Amino acid sequence: MKKGWIVVALTAVVPLCAQEVTTMQIRPQEGEQLIRKEIYGQFAEHLGTCIYGGLWVGENSSIPHTNGYRNDVLQALKELKVPVLRWPGGCFADEYHWRDGIGPKANRPKMVNNNWGGTVEDNSFGTHEFLNLCELLGCEPYISGNVGSGTVEELAEWVEYMTAEQGSPMAKLRKENGREQPWKVKYIGVGNESWGCGGNMRPEYYSDLYRRYATYCREYNGNRLYKVASGASDYDYGWTETLMKNVGHRMDGLSLHYYTCVGWTGSKGSATDFSDEDYYWTMGKCLEIEPVIRKHIAIMDTYDPKKQIGLLVDEWGTWWDEEPGTVSGHLYQQNTLRDALVAALTLNVFHRYADRIRMANIAQIANVLQAMILTKGDRMVLTPTYHVFEMYKVHQDALFLPFSLNGAKKVVRHDRIVPLVSATASRDKEGTIHLSLANIDLQQTQTVEVSLDGLRAKRVGGRVLTAPDVREHNTFDRPNAVVPQTFGGAEIRNGLLQITLPAKSIVTLTLH
Ligand code: AHR
């Protein structure tokens, strides 16, 4: 064993008391890759009640707010340290015309949100409202530009409106609308799902459009843009290949969308009412993101061996049936401990490929798909997924510590093989080591032993997220059914960190 290695032994207790030891070897001296905080990015689309009701209630609302942004949600998001927020879509982005969302609200035209339930969009939340929200949250904005139904001129002028300091027609218009200084906008998406709702294009055609649209996204006053091409869905490796070949280093980033959805029965299935088999299928489908990412990265490596182009998983998460009784097309779903485990497992995977994955944006921030937050009138509830993001924030911008993990596995539907324990480790800027571990086994506790050889750790503290049932979720009447608890199952004894990892749980530990 190399000096300085941390050895983690994970014991998966299988039925009939058979014991299989899982070992995890952390190699801190090999850590060289930062887990960019942008991997903890969020996504807010004009879809259902994500924006209206979720983030924004308007200046005249009786719900407590700051300049129209609801205070409870603002506070909860500040706690999360949201690093980047993608907006206005999604599919909505390719029908969005930014000029409709600026100027006096009474003059803003209405439109029909064709993608999402035909809801009438009044454009009261537009460019100013979004970019000011990012300033309030202290996060980077990630603008998703309209290529599907918008013109080159329109996108070019949007960039100018947001980022040009003075002397240009768009800067003048912005100032007339009350914003003197330009905003800082770094990330610009050139289209979204251009193979589908963003224009049903072929990759060759989109590549040419990307080159054209991106050319006119100008950099004003030293504002450096990070231009993102609309990337593949899931297993569409041909799309990645064609874009790498035809666009290459004209893009800074290439996106990828991967949803954990459509169960083995062919339907998406209920968010809360699922069988144990459904649950294990979900874990398998979620973890399949790893080989998918690996294949996209292998293609990117061929054209970009220096890894200059980032892979941005700018939509990911679970996608279940809409909650009964909610508006069709609004993608409102509940969120259980199962979703929390999907979040933890996926973030663990992203950490391992941090040398290529520069950003990820879970879909979506409020009231849509795998949301952080659910709202109803003036009430707000934090989901189990929110709590994972909050527990994992210690890994933002920390150094990823490589490790190997060998342990018990389970075969689930579609012959996917899933490890029962998933883990990650990082060292933050102060030198503190954080471990996160998830046990997906519905019944069995895992005993974990961490060798502290070469480490000065004397104390360990941590929190655990679990519940008696994996279907457990937070509601407006029971908002604390699934919340992190102080974890008493870890102790340091005789140079060993010993952990008892409960069934269906997520634990984050800090070594002091
Ligand atoms: O997140 C919901 C939708 O999923 C987005 O609008 C679209 O990009 C994707 O298909």
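Provided above is the structure to which this section pertains.
Along each chain, residues carry numbers from 1 onward, in the same order as the chain's sequence is written. Only residues with pLDDT of at least 70 are given local features in this predicted model, and only at 80 or more are side-chain atom pairs given and counted; all residues enter the totals for whole chains, interfaces and linings. Think of the side-chain values as coming from all heavy atoms in the structure, minus any hydrogens and water.

1. So, the site of the ligand
No. 1: Phe43, Glu45, Gly90, Cys91, Trp116, Asn192, Glu193, Tyr259, Glu315, Trp319, Gln364 and Leu369 make up every residue found near the ligand.
No. 2: Glutamate 45 places a polar side-chain atom, nitrogen or oxygen, 2.7 Å from an oxygen atom of the ligand.
No. 3: A distance of 2.7 Å separates an oxygen atom of the ligand from a polar atom in the side chain of glutamate 315.
No. 4: Note on areas: these come from Shrake-Rupley sampling with a 1.4 Å probe, and a residue is covered only by the protein chains present in the view. Its free accessible area being 280 Å², the ligand has 94% of it covered by the protein chains.
No. 5: In the scheme used here, Gly and all other residues not listed as nonpolar or charged are polar, with Ala, Val, Leu, Ile, Met, Phe, Trp, Tyr, Cys and Pro taken as nonpolar and Asp, Glu, Lys and Arg as charged. For the shell around the ligand, the residue count by class is 6 nonpolar, 3 polar and 3 charged. Residue proximity to a molecule or strand is established when one non-hydrogen atom of the residue lies within 4 Å of it. Any pair of N or O atoms that falls within 3.5 Å is considered a polar contact. Within protein, one atom must be able to donate a hydrogen and the other to accept it, and sequence-neighbouring residues count only if both atoms are side-chain atoms.

2. A short note on the sheet that holds strand S4 (residues 41-43)
Either a parallel or an antiparallel arrangement is found when strands of a sheet pair, and the pairing is made through backbone hydrogen bonds.
No. 1: Here a strand pair is declared whenever DSSP counts at least two bridges between the two strands. Helix numbering and strand numbering both begin at the N terminus, where a helix is a DSSP run of H or I of at least 4 residues and a strand a DSSP run of E of at least 2. Taken together, 8 strands build a closed barrel; the order of strands is S4-S7-S10-S11-S12-S13-S14-S15 and the barrel is parallel. For this sheet, the mean inter-axis angle between neighbouring strands, taken without regard to orientation, is 30 degrees.
No. 2: Whether two residues touch is decided by their heavy atoms; if any such pair falls within 4.5 Å, the residues are in contact. Convention adopted: a line fitted to C-alpha atoms gives each axis, helices being fitted over their contacting stretch, and angles between N-to-C directions are expressed from 0 to 180 degrees. Strands in contact with helix H6 (residues 237-246) are strand S12 (226-233) and strand S13 (253-261); relative to S12, the strand with the most contacts, it is inclined by about 150 degrees.

3. Digging into the state of the cysteines
No. 1: Cysteine sulfurs are considered disulfide-paired once they come within 2.5 Å of each other. Here the structure, examined in full by the defined rule, presents 1 disulfide.
No. 2: Each disulfide pairs two cysteine sulfurs, and for cysteine 91 the partner residue is cysteine 197, the sulfurs being separated by 2.2 Å. The S-S bond linking cysteine 91 to cysteine 197 shows a torsion near -85 degrees; that makes this disulfide left-handed. One end of the pair, cysteine 91, is in the loop between strand S7 (84-87) and strand S8 (111-113); the other, cysteine 197, is in the loop between strand S11 (187-190) and helix H5 (203-215), and 106 residues separate them in sequence.
No. 3: Here cysteine 139 stays free of any disulfide, with the sulfur of cysteine 134 as its closest cysteine sulfur at 3.9 Å.
No. 4: Relative accessibility decides the category of a residue: with a 1.4 Å probe and only protein chains considered, values under 20% of the type maximum give buried, values over 50% give exposed, and everything between is partly exposed. Accessibility expressed as a relative area gives 9% for cysteine 139, which makes it buried.
No. 5: Of the cysteine sulfurs around cysteine 286, a residue in no disulfide, the closest is that of cysteine 261, at 12 Å.
No. 6: For cysteine 286, a relative accessible area of 1% translates into the label buried.

4. A look at the sheet that holds strand S3 (residues 33-34)
No. 1: If you trace the 7 strands from one edge of the open sheet to the other, you get S3-S18-S22-S23-S29-S25-S26, paired in antiparallel fashion. Every other strand in the sheet has two partners, leaving S3 and strand S26 (485-486) as the edge strands with one partner each.
No. 2: Here strand S23 (residues 433-439) runs beside strand S29 (residues 505-511); their pairing, made up of 7 bridges, is antiparallel. Among the inter-strand pairings, leucine 435 is bridged to a residue of S29, identified as leucine 509.
No. 3: Packing against the sheet, helix H9 (residues 337-352) makes contact with strand S18 (399-400), strand S22 (421-427), S23, strand S25 (460-465) and S29, and its axis sits at approximately 55 degrees to S22.

5. Comments concerning the pairing of strand S28 (residues 496-501)
No. 1: Side chains Leu497, Ile499 and Leu501 project from S28 onto a buried face, and the interleaved Leu496, Gln498 and Thr500 project onto a face without burial.
No. 2: As judged from the 4 bridges shared by strand S27 (residues 490-493) and S28, these two strands associate in the antiparallel manner. Considered in S28, the bridge of glutamate 491 is made with glutamine 498.
No. 3: Connecting S27 to the antiparallel partner S28 that follows it, the hairpin turn spans 2 residues, and asparagine 494 within it adopts a positive phi of roughly 50 degrees.

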